[in-house]
Amino acid sequence: MNKKVLNTLAAIGLSLLLPLNAQAEVLIILPEKGAMALAADSVRDGIQAAYYAGKYQPTLRFVDNSQRSITDILKNEVKKSTQLVIGPLSREEVEVLVESKPKVKTLALNQVYKNSPNVWQFALSPDEDAMAITKRIQADGVNELIVLTQDSRNSSTTRFRDAMNRIWGDKLIDRATLPSKVFEQQGVLLLGDYDWINTFKKLPQQRIYTVPLVIKANATLPTGLQFCDTPALYKADWPELLQSYQQKQVTVPYQRLLAFGADAWVIATGIATSNQPQKFAGRTGHISVIDNVIQRQPSCMKVKPTGLSFY
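Residues numbered from 1 in each chain as written. Predicted model: local features only at pLDDT ≥ 70, side-chain atom pairs only at ≥ 80, totals over all residues. Heavy atoms only, no water.

**Considerations on the overall build of the chain**
A count of helices and strands for the chain gives nine helices and 15 strands. For the C-alpha atoms alone, the extent of the chain along its principal axes is close to 95 × 40 × 35 Å. The proportion of buried residues among the 311 residues of the chain is 47%. Long-range pairs, those at least 24 residues apart, make up 58% of the contacts in the chain with a sequence separation of at least 6. Counting only carbon and sulfur atoms, one obtains 51% of the accessible surface of the chain, whose full area is about 16,700 Å². (Helix = DSSP H or I, 4+ residues; strand = E, 2+ residues; numbered from the N terminus. Buried < 20%, exposed > 50% of the residue type's maximum accessible area, 1.4 Å probe, protein only. Contact = heavy atoms within 4.5 Å. Areas by Shrake-Rupley, 256 points an atom, 1.4 Å probe, with all protein chains shown as cover.)

**Topic: the confidence of the model for the chain**
Model confidence for the chain is summarised by a mean pLDDT of 90, while 93% of its residues fall at 70 or above. Taken together, the stretch residues 1-22 has pLDDT below 50 and engages in five contacts with residues farther than four places along the chain or on a different chain. (pLDDT = per-residue confidence, 0-100.)

**Some details on the sheet that holds strand β15 (residues 307-310)**
Read from one edge of the open sheet, seven strands run β7-β6-β8-β9-β10-β14-β15, paired in mixed fashion. With partners counted over all chains shown, the strands left at the sheet margins are β7 (172-174) and β15, one partner each. On average, adjacent strands in this sheet sit at an angle of 30 degrees to one another, irrespective of strand direction. Pairing of strand β9 (residues 208-210) with strand β10 (residues 225-229), which is carried by two bridges, proceeds in the parallel orientation. Its bridge partner being in β10, Ile208 is matched across the sheet by Leu225. (Pairing = 2+ DSSP bridges. Axes fitted to C-alpha atoms, helices over the stretch in contact; angles between N-to-C directions.)

**Focus: the state of the cysteines**
Scanning the model with the defined rule gives one disulfide in all. Covalently, Cys228 is tied to Cys300 through a disulfide, its sulfur atoms 2.0 Å apart. Torsion about the S-S bond of the Cys228 and Cys300 cystine: about 95 degrees, corresponding to right-handed handedness. Placement of Cys228 in strand β10 and of Cys300 in strand β14 (residues 299-304) is noted, with a sequence separation of 72 residues between them. Look at Cys300 and you get buried, because its relative accessible area is 9%. (Disulfide = S-S within 2.5 Å.)

**Quick word on the pairing of strand β3 (residues 82-86)**
Among the five residues of β3, four are classified as buried, and the element is accordingly described as predominantly covered. Taken together, the four bridges between strand β1 (residues 25-30) and β3 define a ladder with parallel strand orientation. Within β3, the residue paired with Leu27 across the bridge is Val85. Bridging between β3 and strand β4 (residues 106-108) involves two bridges; their strand directions are parallel. The partner of Ile86 across the bridge, within β4, is Leu107.

**Considering unusual backbone geometry**
In this chain, Gly87 is followed by Pro88 through a cis amide linkage whose omega measures 0 degrees. Checked against the element boundaries, Pro88 lands in the loop between β3 and α4 (91-100). The phi dihedral of Lys101 is positive, around 50 degrees, even though this residue is not glycine. The topology assignment puts Lys101 in the loop between α4 and β4. Residue Lys101 is classed as exposed on the basis of its relative accessible area of 61%.

And the structure:
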């Protein structure tokens with residue numbers, strides 16, 4: 001056997017030993033400037049934390065879309081080696097992405113009311129938050145919700161309220177003040193932040209609910225309050241997130257985005273390496289990926305005198 005044949009066989013043998021994703025890359029589209037840059041930083045940190053904690057490690061190539069259109073990026077940045085695209089982050093750009101019908105598998109980091117065969121959409125959706133807390137409310141036997149709102153213009157509560165409207169309809173009763181008596185089949189939904197909730201002198205300890213907006217570091221919450229949120233904020237089950245947070249400490253909203261980025265990478269790994277459905281206990285809740293539909297169910301909790309109780 002001549003030397004040329006031996007060298008060819010050696011090269012083939014070496015290629016078989018290399019990981020299948022050695023030449024693959026994942027293109028990640030996130031803004032480095034502008035209004036969403038800080039959010040994108042936390043998402044990027046979460047992606048990288050899960051990337052280095054996992055086994056699937058293709059080349060990551062980040063592209064700044066703060067001054068470039070999604071159409072331009074898809075046209076000029078997607079290479080033959082691009083196995084997957086992750087991003088963009090804004091709803092407007094996700095809509096453009098979906099309409100462009102990308103040829104490469106793409107995990108969009110927001111959700112719109114449109115779809116495309118090669119696009120998976122993942123977000124910390126208020127619709128999922130509303131559905132999760134609704135299940136808790138109905139389990140308590142409540143069929144009518146009294147709603148007190150701190151600021152109806154606050155986007156953090158407006159989208160959640162819209163989602164609740166779609167579920168509850170005329171069973172949501174707006175009130176300016178807390179009623180003196182809440183009947184057995186009624187519940188109270190508080191849409192506001194931590195400081196606003198703590199202005200109430202006395203709240204009922206049963207059938208009272210709120211949104212994750214109330215959560216901040218070292219918060220003391222009223223007994224009986226129930227809410228659904230990202231489990232990574234309350235459980236130390238993901239050491240890579242703890243390490244990332246220790247390196248760059250951020251406030252609670254950005255901690256959620258850190259967990260979101262990490263879950264996005266786990267989902268991306270499944271999309272890139274397998275066509276099988278995924279189900280896992282994620283940092284942002286229980287995740288299910290079937291075909292190209294992603295569903296997330298956040299964890300629900302109740303404040304008790306001894307601390308938080310998980311459902």
